[in-house]
Amino acid sequence: QVQLVESGGGLVQAGGSLRLSCAASGRTFGSYAIGWFRQAPGKEREFVATISWSGSSTYYTDSVKGRFTISRDNAKNTVYLQMNSLKPEDTAVYYCAAGVVPSTAKDVYASWGQGTQVTVSS
């Protein structure tokens, strides 16, 4: 099993950048695919990005392509989400999750972090 803790959220102006971290504890971090999801007030939790266990495969939702980059450093047990050119509509609580395979679907991820708030102002 793996436990996940997100960090790096905060308040940023539109057009700015922020890097989120997903730190894992447990023995099998390198065996997990990691996904990032976000949930805005009154909205369903939605897929943002995912990365395979090796880091060789990544996938992004259309709204963040070209702006967000997911990466991982298994030696540090950490996955990152670099967010550039942030927009107010990116405002949400961001969650990382661990699963067997990369997926856009929430239900395939077995472990979730507590979330970190990202607020983008105009």
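Numbering of residues begins from 1 in every chain and follows the order in which that chain's sequence is written. With pLDDT at 70 or above as the cut-off, local features in this predicted model cover only qualifying residues; side-chain atom pairs require 80 or more to be listed or tallied, and sums for whole chains, interfaces and linings still use all residues. Side-chain numbers come from the whole structure's heavy atoms, not from hydrogens or water.

A. Region of the structure containing the overall build of the protein. When its secondary structure is counted, the protein shows 0 helices and 11 strands. Helix and strand labels come from DSSP, where a helix needs a run of H or I of at least four residues and a strand needs a run of E of at least two; each type is numbered from the N terminus. Ordered by position from N to C terminus, the α and β elements of the protein give β-β-β-β-β-β-β-β-β-β-β. Radius of gyration: over C-alpha atoms. The globule rule applied is 2.2 Å multiplied by the number of residues raised to the 0.38 power. Here the C-alpha radius of gyration of the protein, 13 Å, is about what a compact globule of 122 residues would show, namely 14 Å. Counting only C-alpha atoms, the protein reaches 40 × 25 × 25 Å along its principal axes. Only protein chains enter the accessibility calculation, which uses a 1.4 Å probe; a residue whose area is less than 20% of its type maximum is buried, one above 50% is exposed, and one in between is partly exposed. A burial count over the protein gives 43% of its 122 residues as buried. Contacts in the protein between residues far apart in sequence, at least 24 positions, make up 57% of those at least 6 positions apart. Areas reported here follow the Shrake-Rupley algorithm with a probe of radius 1.4 Å; residue values treat only the protein chains shown as occluding. Element-wise, carbon and sulfur atoms account for 48% of the exposed surface of the protein, whose accessible area totals about 6,100 Å². A contact between two residues is defined here by any heavy atoms of the two lying within 4.5 Å.

B. Structural context of the nonpolar core. Trp36, Leu81, Met83 and Tyr94 are the most contacted members of the largest nonpolar core, which has 27 residues in total. Of all the secondary-structure elements, those providing two or more residues to this core are strand S3 (18-25), strand S4 (33-39), strand S5 (46-51), strand S7 (68-73), strand S8 (78-83), strand S9 (92-99) and strand S11 (116-121). Contact partners of Leu81, with chain neighbours within four places excluded, come to Leu18, Arg19, Leu20, Trp36, Val48, Ala49, Phe68, Thr69, Ile70 and Tyr94. Nonpolar cores were defined as sets of buried Ala, Val, Leu, Ile, Met, Phe, Trp, Tyr and Cys residues, with membership established by side-chain atoms within 4.5 Å.

C. Quick peek at unusual backbone geometry. Here Asn77, not a glycine, exhibits a phi torsion of approximately 55°, which is positive. The topology assignment puts Asn77 in the loop between S7 and S8. By relative accessible area, Asn77 is classed as partly exposed at 25%. With a phi angle near 50°, Ser85 is a residue other than glycine that sits in the positive phi range. Tracing the backbone shows Ser85 in the loop between S8 and S9.

D. Seen up close, the state of the cysteines. Criterion for a disulfide: a pair of cysteine sulfur atoms at a distance within 2.5 Å. One pass over the structure, following the stated rule, counts 1 disulfide. In this model Cys22 forms its disulfide with Cys96; the gap between the sulfur atoms is 2.1 Å. Measuring handedness by torsion sign, the sulfur bridge of Cys22 and Cys96 sits at about 70° and is right-handed. You can see Cys22 sitting in strand S3 and its partner Cys96 sitting in strand S9, a full 74 residues away along the chain.

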